[in-house]
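Reading the structure
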Amino acid sequence: MQKVSIESLNILNFKGIDNKVITLNGMNGTISGHNGVGKTTIADSIIFALTGKLTTGKKADPQIKEFEAGSQVQDNGKPHSVELLLNVGKSRKLKIKRTFSEAFTGKTKKVFKGHSTELIINDCPSSVTDFKRYLSEALNGINEDQILSLMLPGQFAAMKWQDRRTLLLKLIDPVDFETVANADRRLYNLPKAVDIRLLNNSTFFTDEVKKLKGLIKTDKEKLGVIPAVVTELKNQMTNVKVESGNSISQVLEMIRTERFGFGNGDDLIVDVLKKLGNLRQRQLETGLTRDEVCRQIKALKDEYNLLMQGEITQAVNQRVLEMSEIVKRLKNQRTELTANFETLQEQIEVVKKQYDEVISSFNPTKSLLNAFEDQIKAALKTEIQITESALDTKLQIRIEELMKSETEIASRIESNEQTLFLIDLYLSTRAKVQEEAINGLFSKVKFKLSEMQINGEEVPACEMVYSEVPRDDGLNKAAKLTADLDIIKSLQKAYQIEMPILIDEAESYNEVPEMDNQIVQFKVSDGELTINKDE
């Protein structure tokens, strides 16, 4: 493992320090003094030289300056620089210098135009890109954020949990599907539902879960409408029989209220009334069909309103397009049926007029009228039975279609919910496998990579636990330091490099855990700034 230590530090015009040279010769050191004397400034200067940031993790520019009142300008371009000499490995020296300066334009009157940063590595000026690349190569490939995590206890804990989780996952080998499925054999059913080649796609699960939830919601809304539609169709079947009986009664009533003079024209009367009855039944059938079309249009409109209340997904948009085409077709059918209904009404009026003309020519006796009524009743009943049978068959077919659709939708919901369950199971199982692998890298600190929500859903997380107590909820400062140093020790083992560790507010700890690293402690004391190194 490569060890890095601080040999010396040269600070010039940095925050509250005008000029300071600190020599540690790679040894542990203690920097003490009263508040405001510059202890934290020294720690900031070390991090600034390496990363351009402060120990808070924030960018230093232009925080390192002392501003004039109401101005961004200080001392007309006086440079603010830190030169840091590092021991890298057993014999290599690495000298880096970062200088932050104000820039001006104009010869007679200087005008402030901003700031500039000069970077020098081993006495050679360097661009920002080359500086970062060379520094990373010298420090075993680590970047600026990793430098902060390795040098500052608590810096890893201060990261966003998503960034901590990402960093930890990079420490272990990728977890493949077979490894996860072996941990829970039920997951071998997952490839039947999703393409396992997409399981490592970071957005796949989010998109897939969103899509499945949208489909399930839409299907459940459809499923909720079907029972009401079936009930309405069954009511229509009953209404057909009632309307048919009414039609017979209306025709017979018309016969009873007229005075017939029968001669040889009884067959003609029968034909006219049969034609009238047939037209009435066709009109009834047309009206019922039109009512069914209107109901379907209303059902589609209700479904559209339900869809618009939920989340607009690709599946929803596709369904809306399908519904638009269906409604357009149904409206055309409704217009055609309405026209047919009106045409039949006109034909009925014509036949009724023919009927009036025919019966005015006859004067039947009561017995003949009764016989004639029986003939008409039998003829109409036969025609109506045929019509009823056709309508019943049509409505029954529609009911059977709906019942079949209900079964298919229920099966689809069950399948999608099973896929959702397997996805949740895969994510939680994978998190446990990853959690076990990551925790194997740490001695004292353990991590929880998922947590259970109130609604029972398991979501990604990254909670640090020390002695079964969450690091950020219940640990005292000494325990937090122990946990943070354990994290640093594990990270530096993964990165194969030991960086100097800067411990602020060291007076708060009775004892600092032993580390192989160079440790620089910053303590509050009553005197002026004092720098001591362990011999």
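Residues numbered from 1 in each chain as written. Predicted model: local features only at pLDDT ≥ 70, side-chain atom pairs only at ≥ 80, totals over all residues. Heavy atoms only, no water.

A look at the side chain of Gln434
Using the following cut-off: The way it works is that DSSP assigns letters per residue, a run of H or I at least four long becomes a helix, a run of E at least two long becomes a strand, and they are numbered from the N terminus. Any residue under 20% of the maximum accessible area for its type is buried, any over 50% is exposed, and the rest in between are partly exposed; the area is computed with a 1.4 Å probe on protein chains only.
Looking at where Gln434 falls in the secondary structure, it is placed in helix α10 (residues 366–439). Residue class for Gln434 comes out buried when judged on its relative accessible area of 11%.

Structural notes on helix α2 (residues 128–138)
Quick reminder: α-helices carry 3.6 residues per turn. Residues three or four places apart thus point the same way. As a reminder of what qualifies: Note that the arc is defined by the directions from the helix axis to the C-beta atoms.
If you check which residues of α2 are buried, you get Phe131, Leu135, Ser136 and Ala138. Viewed along the axis of α2, the buried residues span an arc of 160 degrees, placing them on a single side of the element. With respect to the buried face of α2, the exposed residues turned more than 90 degrees away are Thr129 and Glu137. One or two steps after α2, the chain reaches Asn140, where phi turns positive at roughly 65 degrees.

Considerations on helix α11 (residues 477–495)
Filter applied, for reference: Multiplying one less than the number of residues by 1.5 Å gives the expected span of a helix. Identification of polar contacts relies on pairs of N or O atoms within 3.5 Å, with a donor-acceptor requirement for protein atoms, meaning one able to donate a hydrogen and the other able to accept it, and with residues adjacent in sequence counted only if both atoms are side-chain atoms.
In this model α11 runs 26 Å from its N-terminal to its C-terminal C-alpha over 19 residues, within 8% of the 27 Å that 1.5 Å per residue would give. Its side-chain oxygen at 3.3 Å from the backbone nitrogen of Ala478, Asn476 defines the N-terminal cap of α11. Once α11 ends, the next one or two residues include Gln496, with phi positive near 60 degrees.

A word on the environment of Asp271
Relative to the assigned elements, Asp271 resides in helix α8 (residues 266–309). Given a relative accessible area of 48%, Asp271 falls into the partly exposed group. Spatially, the C-alpha atom of Asp271 lies 9.6 Å from that of Tyr355, the residues being 84 residues apart in sequence.

Some details on the sheet that holds strand β10 (residues 469–470)
For the record, the criterion: Pairing between two strands requires that DSSP report at least two bridges joining them. What makes two residues a contact is simply this: any of their non-hydrogen atoms within 4.5 Å. Helix axes are fitted to C-alpha atoms over the stretch in contact, other axes to C-alpha atoms as well, and angles between N-to-C directions run from 0 to 180 degrees.
Overall, antiparallel pairing links the 3 strands, which are arranged β8-β9-β10 in an open sheet. Every interior strand has two partners, whereas the edge strands, β8 (445–452) and β10, have only one. Two strands pair when backbone bridges link them, and strand β9 (residues 458–466) and β10 are joined in this way by 2 bridges, in the antiparallel orientation. Bridge assignment links Val465 to a residue of β10, and that residue is Pro470. Where helix α5 (residues 161–169) meets the sheet, its contacts fall on β8 and β9, and the angle it forms with β9 comes to roughly 80 degrees.

Structural notes on the packing of helix α3 (residues 144–151) against α11
Stated precisely, the cut-off is as follows: Reported orientations rely on four angle classes, namely roughly parallel under 35 degrees, roughly antiparallel over 145, roughly perpendicular from 65 to 115, and oblique for the rest. Three categories are distinguished: nonpolar for Ala, Val, Leu, Ile, Met, Phe, Trp, Tyr, Cys and Pro, charged for Asp, Glu, Lys and Arg, and polar for the others, with Gly belonging to the last.
The N-to-C vectors of α3 and α11 enclose an angle of 135 degrees; their axes lie 8 Å apart at closest approach. Between α3 and α11, the angle is such that the two are oblique. On α11, the residues touching Gln146, Ser149 and Leu150 of α3 are Ile488, Leu491, Gln492 and Tyr495. Partitioning the contact of α3 with α11 into residue classes produces 4 nonpolar, 3 polar and no charged.

Some thoughts on the sheet that holds strand β14 (residues 530–533)
Sheet strands pair via backbone hydrogen bonds, and the direction of the pair is either parallel or antiparallel. The 4 strands lie next to each other as β12-β13-β3-β14, forming an open sheet whose pairing is mixed. Of all the strands in the sheet, the pair left with one neighbour each is β12 (501–503) and β14. The sheet shows a mean angle of 15 degrees between the axes of neighbouring strands, direction not considered. Contacting β3 (29–33), β12 and β13 (519–524), helix α1 (residues 39–51) crosses the sheet at an angle of about 155 degrees to β13.

Observations concerning the packing of aromatic side chains
Where we set the bar: Two rings belonging to Phe, Tyr or Trp (six-membered ring only in the last case) form a pair when the distance between their centres is within 6.5 Å. Interplanar angles under 30 degrees mark stacking, angles over 60 mark edge-to-face geometry, and anything in between is tilted.
Applying the stated criterion across every chain yields a total of 5 aromatic pairs. Note on Phe14 and Phe48: the rings are 5.2 Å apart at their centroids and 45 degrees apart in plane angle, and the pair reads as tilted. Taken as a pair, Phe14 in strand β1 (residues 2–14) and Phe48 in helix α1 lie far apart in primary sequence, 34 residues in all. There is no split in this pair, since Phe14 and Phe48 are both buried. Ring geometry for Phe442 and Phe447: centres 4.9 Å apart, planes at 65 degrees, overall edge-to-face. Relative accessible area serves as the criterion here: at 4%, Phe442 is assigned to the buried category.

Some remarks on the confidence of the model for the protein
What counts is decided by this rule: As a per-residue quantity, pLDDT reports the predictor's confidence and falls between 0 and 100.
Summarising the model, the protein shows a mean pLDDT of 82, and 84% of its residues fall at 70 or more. Within the protein, the element-level pLDDT minimum falls on helix α7 (residues 204–256), averaging 71, and the maximum on β12, averaging 95. Per-residue pLDDT stays below 50 along residues 258–265; that stretch engages in 28 contacts with residues further than four places along the chain or on separate chains.

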